[in-house]
Amino acid sequence: MAVSASSSGRSMPIRRLVQRLAGNLFSLVITLLGLLAFTFTLSHLSPVDPVLQLVGDHATASTYAQVRHQLGLDHSLPVQFWHYLQQLAQGHLGVSQSTGQPVADDLLRTFPATFELATCALILGATCGIGLALASVWHPKSWIDHIARVISLLGYSVPVFWIGLLGLLLFYAGLHWSAGPGQLDDLYVYTLEPKTGLVIIDSWLSGDRQMFINALQHLWLPVVILGLLSMASITRLLRAALLEENSKEYVTLARAKGASRWRIVWHHLLPNTRGTLITVVMLSYVSLLEGAVLTESVFAWPGLGRYLTNALFASDMPAILGATLVIGSCFIIINALTDALVWLTDPRTR
Amino acid sequence: MTETSLPLRAVRRDKRRWLLIIGYSLLGLLIAMALFAPWVSPYDPNAQVMADRLLPPDSHHWFGTDGFGRDLLSRVIYGTRPTLLLVVFILLLTVPVGMTVGIAAGYLGGWVERILMRITDIFLSLPSLVIALAMVAVLGPSILNGALALALTSWPPFARQARAETQQLRRSDYLAAAKMQGIKGLPLMFGHLLPLCLPSAVVRAALSLGGIILSAAGLGFLGMGVQPPTAEWGSMVAEGGKVIFDQWWVAAAPGGAILLASLTFNFIGDGLRDRLDSRNDS
Amino acid sequence: MTANTSPFIIADRLTIGLPEGRPLVDGISFEIGKERVALVGESGSGKSLTARSLMGLLAPSLSLNASQLSLAGNDLRHLKPSQWQSLRGGKVAMVMQDPKYALNPSKTIGWQVEEPLLLHRKLSRRQRQEKVLAMLEAVGLANPHQLIKRYPNQLSGGMGQRIMLAIALITDPEFLIADEPTSALDHAMRDQVLSLIQDLVAQRDMGLLLISHDLQQVADHCQRVMVMYQGKILDRLAAKDLPQATHPYTQTLWACRPSLATKGKRLPTLDRAALEGYP
């Protein structure tokens with residue numbers, strides 16, 4: 001007797017795909033609005049009165065009212081919020097009180113350094129983290145597995161700024177393997193032609209081999225420190241997911257078919273942990289952006305994080321909020337991208 | 001569950017117990033240091049003795065002294081107080097709020113659930129440290145503000161988890177029996193659902209506290225935590241950072257304390273989670 | 001059907017257990033040829049562990065001891081991983097209990113049915129494809145061309161078991177171990193799937209070891225029965241002799257089968273204390 005298969009949506013039609021993407025986009029926009037509402041609220045909670053800052057303490061009431069009107073502060077809050085959004089859409093994030101520059105310009109200037117740091121750290125962390133997790137599931141309960149657990153637990157629990165300081169102490173002051181804080185030695189900082197904004201690439205493009213080596217000597221230590229953090233969380237989560245899949249029935253059946261360990265890892269474990277893998281790597285990327293805030297302070301790295309911490313020390317409200325907005329938006333966008341990526345790469349949605 | 005996996009539980013139990021034993025002992029040590037700080041620490045943490053500044057570790061000062069001649073061991077011991085206080089504040093803020101939101105969403109369903117979950121998702125996507133920094137910059141640095149700021153981005157995981165569990169429990173016989181007795185609404189949510197969701201909330205709390213301690217220390221490191229001269233580990237590391245190359249001990253001790261505290265909660269979280277998982281397996 | 005004279009599987013004093021503690025399988029001995037044998041018992045009797053030990057699929061924390069354990073002439077106690085890999089799926093295959101969990105959720109049906117061929121036979125792509133389609137038809141599935149592109153979450157239980165059967169038999173192994181193959185199916189499906197197993201095994205001149213807790217099922221489809229309880233084999237008899245079993249445990253199991261005849265009556269229970277004393 002023949003049994004026929006039920007056809008229940010074998011592949012996702014284009015219309016449903018678009019619907020799902022639209023849904024994701026909608027969530028993204030709502031979340032961004034939430035972030036904007038937050039920064040807007042904060043800017044109004046600030047004890048600093050922007051009107052007083054402009055007019056000074058000895059202004060008359062009418063001057064005060066006039067300036068207040070000019071700044072649009074006499075409107076109701078929802079209207080102010082709308083103005084706020086309009087300004088943001090035009091790229092106006094206010095003017096920094098410490099640098100005197102438009103915040104947007106400052107952020108554009110400092111972003112590439114953070115991007116360089118975070119991306120290199122992610123590449124290092126993801127490679128080592130995935131490798132270590134795979135080694136763990138290859139030899140469960142072996143010494144490799146135990147080392148993986150210990151490293152990931154330690155890396156997960158260590159404060160990044162502390163290990164950064166210790167790293168500088170050992171590798172810069174002690175062994176001189178690192179060139180220390182900053183992206184380049186003073187000698188090169190002013191002679192570098194900024195083409196892409198990424199120092200490693202720019203120094204390579206400049207043809208000056210010494211400059212490139214110097215850039216590497218500055219880059220490697222913060223990248224390793226941040227990469228360690230990234231590796232810890234990736235190993236921890238991926239190893240758990242792989243081990244969980246490994247104990248499932250379909251893996252036993254695969255063994256019963258005569259599959260080798262390599263085949264089981266590559267064809268059975270990894271495809272089923274694909275979602276976790278993507279999520280974990282992306283999550284690591286966003287937390288690296290946050291980790292950069294602390295690391296850049298230790299390594300005097302001229303990126304977004306350092307800009308934010310300097311602004312904090314100077315109580316530079318527009319800069320603080322602008323940086324918060326940018327970092328927060330990156331967070332939100334990358335998270336949304338992760339969700340979309342996970343279900344887009346699921347072979348079952350084809 | 002096949003008979004082949006029954007004997008394995010005995011093996012896993014040992015490892016789990018070991019994790020929990022170490023975790024709880026460390027936690028006990030931290031709490032003891034916080035409670036009995038005045039009796040345990042050899043010196044007054046705020047006593048500045050300029051003649052003794054920046055001394056390396058020796059028999060008088062086991063962790064050495066800082067730039068103001070203050071004994072580092074005493075400061076590290078006293079540093080447990082703001083940390084643990086912060087932990088308590090954050091727990092008091094995040095767990096009730098998160099669980100209420102989650103249980104309400106899971107139980108009431110419909111548009112209430114959608115709105116609540118949307119709000120949860122918004123806060124879930126925010127970077128905790130950066131948001132906390134911005135908030136503390138505006139509101140002013142203190143333990144309460146720091147706790148509030150960190151709590152703002154820490155409650156969503158509790159809500160998510162409580163909602164998922166509530167949804168599962170909705171279909172359970174246990175709940176059907178309660179409903180048949182006429183219990184519904186708030187008494188059902190708080191009398192029946194809440195106790196069932198508590199165990200996994202405890203596990204989640206332990207797991208997230210490790211990271212929260214690191215964030216709080218980060219706040220302190222950037223000067224946004226408890227203000228000096230109060231001993232707080234993060235700001236102590238920042239002070240030590242200024243003299244790291246010559247007097248490494250000033251930063252080493254407090255940073256090690258942060259590591260230890262974070263490890264404590266990670267151990268406990270891992271141990272509890274393993275125990276919860278195997279309970280679910282049976 | 002005459003049983004083959006040289007036993008395909010020989011086990012002598014097979015003991016499985018944790019290093020410390022009561023053994024889960026306690027020194028059992030048996031021989032199985034190219035025949036249909038059933039291993040029955042309650043959960044916890046050790047029947048699943050015995051089956052898995054024959055495929056080398058025991059959990060690593062369990063220890064295995066036997067004075068003899070051989071399958072198709074291979075000493076299973078001392079096999080290297082590469083030898084296991086050629087044996088499993090090649091000479092002996094396994095069908096498991098629940099297709100919902102036993103099939104890889106991220107790979108197509110076609111890929112999963114083809115995998116044993118990739119591992120054990122040297123065939124061209126087209127030959128493999130043909131074999132897969134033929135096998136799916138042989139287990140009674142319609143539209144194999146459509147089916148091979150599907151994923152396991154789109155299948156019903158009965159279909160899933162047929163696919164597991166296809167996976168097991170596609171390399172024409174000599175022996176099939178079926179570990180509670182119908183426990184996860186609804187009642188109507190059970191007989192169909194078991195009859196299918198019986199037919200295919202007969203057609204291909206294979207041996208079958210059926211693990212089950214359902215005596216009725218076993219009586220209908222197997223030639224010989226071994227009854228296990230708490231790690232020991234209490235009784236061995238021909239399937240047709242089940243209604244006239246002499247061992248009290250077997251008698252109780254037989255009498256406990258729910259059917260129209262027992263409707264409304266209390267089913268007998270086993271006196272375990274008395275059983276402890278029985279040799």
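Residues numbered from 1 in each chain as written. Chains lettered and ligands numbered in written order. Predicted model: local features only at pLDDT ≥ 70, side-chain atom pairs only at ≥ 80, totals over all residues.

Colleague: Sorry if this is basic, but what is going on with the overall build of chain A here?
Modeller: What chain A contains, in helices and strands, is 14 helices and zero strands. Secondary structure of chain A in N-to-C order comes out as α-α-α-α-α-α-α-α-α-α-α-α-α-α. Across its three principal directions, the C-alpha atoms of chain A cover 95 × 60 × 40 Å. When the 350 residues of chain A are sorted by exposure, 39% land in the buried category. In chain A, the share of contacts with a sequence separation of at least 24, taken over all contacts with a separation of at least 6, comes to 71%. (Helix = DSSP H or I, 4+ residues; strand = E, 2+ residues; numbered from the N terminus. Buried ≥ 20, exposed ≤ 12 C-beta atoms within 10 Å, placed from the backbone. Contact = placed C-beta atoms within 7 Å.)

Colleague: I'm lost on the overall build of chain B in this one. Help?
Modeller: Secondary structure summary: chain B contains 11 helices and zero strands in total. Reading the helices (α) and strands (β) of chain B from amino to carboxyl end gives α-α-α-α-α-α-α-α-α-α-α. Seen through its principal axes, chain B has C-alpha atoms that stretch 75 × 50 × 30 Å. Within chain B, the proportion of its 282 residues that are buried is 46%. Partitioning the contacts of chain B with sequence separation of at least 6, the portion at a separation of at least 24 is 71%.

Colleague: Would you mind going over the nonpolar core with me for this structure?
Modeller: In a soluble, globular protein the nonpolar side chains are often hidden away together inside. Counting 234 residues, the largest nonpolar core has Ile320 and Ala323 of chain A, Leu133 of chain B together with Ala166, Leu176 and Ile177 of chain C as the members making the most contacts within it. Here this core gets 17 residues from one element, more than from any other, and that element is helix α10 (residues 209-246) of chain A. With residues near it in sequence (within four places) discarded, Ala166 of chain C still touches Val113, Met135, Leu136 and Val139 of chain C. (Core = buried A, V, L, I, M, F, W, Y, C linked by C-beta atoms within 7 Å.)

Colleague: I tried to follow unusual backbone geometry on my own but got confused; where do I start?
Modeller: Glycine aside, the phi torsion of most residues is negative, and most peptide linkages are trans. Of note in the backbone geometry, Ser315 of chain A takes a positive phi value of approximately 50° without being a glycine. You can see Ser315 of chain A is positioned in the loop between α13 (304-313) and α14 (317-344). For Ala72 of chain C, which is not glycine, the phi torsion reads 50° and is therefore positive. One can find Ala72 of chain C in the loop between β5 (68-71) and β6 (74-75). Exposure remark for Ala72 of chain C: the 17 C-beta atoms within 10 Å place this residue in the partly exposed category.

Colleague: I'm lost on the packing of α13 of chain A against α14 of chain A in this one. Help?
Modeller: When two helices pack together, you describe them by how their axes are tilted relative to each other and by the distance separating the axes. Residue and element names in this part refer to chain A. The N-to-C vectors of α13 and α14 enclose an angle of 150°; their axes lie 9 Å apart at closest approach. With respect to their mutual orientation, α13 and α14 come out roughly antiparallel. Between α13 and α14 lies a crossing of left-handed hand. When α13 is examined against α14, the residues Leu304, Tyr307, Leu308, Ala311 and Leu312 are found in contact with a partner set consisting of Ala319, Ile320, Ala323, Val326 and Ile327. Grouping the constituent residues of the contact of α13 with α14 by class yields 10 nonpolar, no polar and no charged. (Axes fitted to C-alpha atoms, helices over the stretch in contact; angles between N-to-C directions. Parallel < 35°, antiparallel > 145°, perpendicular 65-115°, else oblique. Left-handed = near helix turned anticlockwise from the far one by under 90°. Nonpolar A, V, L, I, M, F, W, Y, C, P; charged D, E, K, R; others polar.)

Colleague: Could you clarify how one ought to interpret the interface of chain B and chain A in this entry?
Modeller: By convention, interface size is frequently given as the accessible area that disappears when the constituent parts associate. Taken together, the contact pairs 35 residues of chain B with 37 residues of chain A. For the side of chain B that touches chain A, the secondary structure elements donating two or more residues are α4 (110-124), α5 (128-139), α9 (186-221), α10 (233-242) and α11 (249-281) of chain B. With nine residues, α5 of chain B is the largest single contributor of residues to the side of chain B that touches chain A. Here the residues of the side of chain B that touches chain A sort into 25 nonpolar, eight polar and two charged.

Colleague: Is there a simple way to think about the confidence of the model for chain B in this case?
Modeller: Residues shown with low pLDDT carry predicted positions that ought not to be read at fine detail. Residues and elements named next belong to chain B. Overall, the predicted model of chain B reaches an average pLDDT of 85, with 93% of residues at or above 70. The element-level mean pLDDT for chain B is lowest in helix α8 (residues 173-180), coming to 78, with α10 highest at 92. Confidence drops under pLDDT 50 across residues 1-7; counting only partners more than four residues distant or on other chains, this segment forms 16 contacts. Confidence metrics for the complex model read pTM 0.85 and ipTM 0.88. (pLDDT = per-residue confidence, 0-100.)

Colleague: Would you take a moment to explain the packing of α5 of chain B against α9 of chain B for this structure?
Modeller: Residue and element names in this part refer to chain B. Their axes nearest at 10 Å, the elements α5 and α9 cross at an angle of 45°. Viewed along their axes, α5 and α9 adopt a mutual orientation that is oblique. For the pair α5 and α9, the sense of crossing is right-handed. In this structure, α5 uses Ser128, Leu129, Ala132, Leu133 and Val136 to contact α9, whose residues at the interface are Ser215, Gly218 and Leu219. Its residues placed into classes, the contact of α5 with α9 shows five nonpolar, three polar and no charged.

Colleague: Looking at this structure, how should I read the interface of chain A and chain C?
Modeller: At the interface, 23 residues of chain A touch 35 residues of chain C. The set of elements that each furnish at least two residues to the side of chain A that touches chain C consists of α11 (249-256) and α12 (261-299) of chain A. Looking at the side of chain A that touches chain C, the element that brings in the most residues is α11 of chain A, giving six residues. For the side of chain A that touches chain C, the class distribution of residues is 10 nonpolar, seven polar and six charged.

Colleague: I keep staring at helix α5 (residues 125-138) of chain C and nothing clicks. Help me out?
Modeller: Residues separated by three or four positions in an α-helix point in the same direction, a consequence of the helix having 3.6 residues per turn. All names here are of chain C. Over its 14 residues, α5 runs 20 Å from end to end, which matches the ideal 20 Å to within 8%, given 1.5 Å per residue. Within the span of α5, buried status applies to Lys131, Val132, Met135 and Leu136. Projection of α5 onto a plane perpendicular to its axis shows the buried side chains occupying an angular sector of 130°, all on one side. With respect to the buried face of α5, the exposed residues turned more than 90 degrees away are Arg126, Gln127, Glu130 and Ala134. Those residues of α5 hidden inside the fold are in contact with α4 (109-120), α6 (144-147) and α7 (157-169). Positive backbone phi, at 85°, marks Gly140, one or two positions downstream of α5. (Expected span 1.5 Å × (residues − 1). Arc of directions from axis to C-beta.)

Colleague: Hey, could you run me through the environment of Met159 of chain C in this one?
Modeller: All names here are of chain C. Considering the arrangement of structural elements, one finds Met159 in helix α7. The exposure class assigned to Met159 is buried, which follows from the 24 C-beta atoms found within 10 Å. The spatial distance from the C-alpha of Met159 to the C-alpha of His213 is 22 Å, given a sequence separation of 54 residues.

Colleague: How should I be thinking about the pairing of strand β3 (residues 36-40) of chain C in this particular structure?
Modeller: Note on strand geometry: in a regular strand, side chains alternate between the two faces of the sheet. All names here are of chain C. Taking burial as the measure, the five residues of β3 include five buried ones, the bulk of the element. On β3, burial covers both faces: Arg36, Ala38 and Val40 on one face and Val37 and Leu39 on the other are all buried. Of the pairings in the sheet, the one linking β3 to strand β10 (residues 224-229) comprises four bridges and is parallel in character. Paired with Val37 across the strands is Arg224, a residue of β10. (Pairing = 2+ DSSP bridges.)

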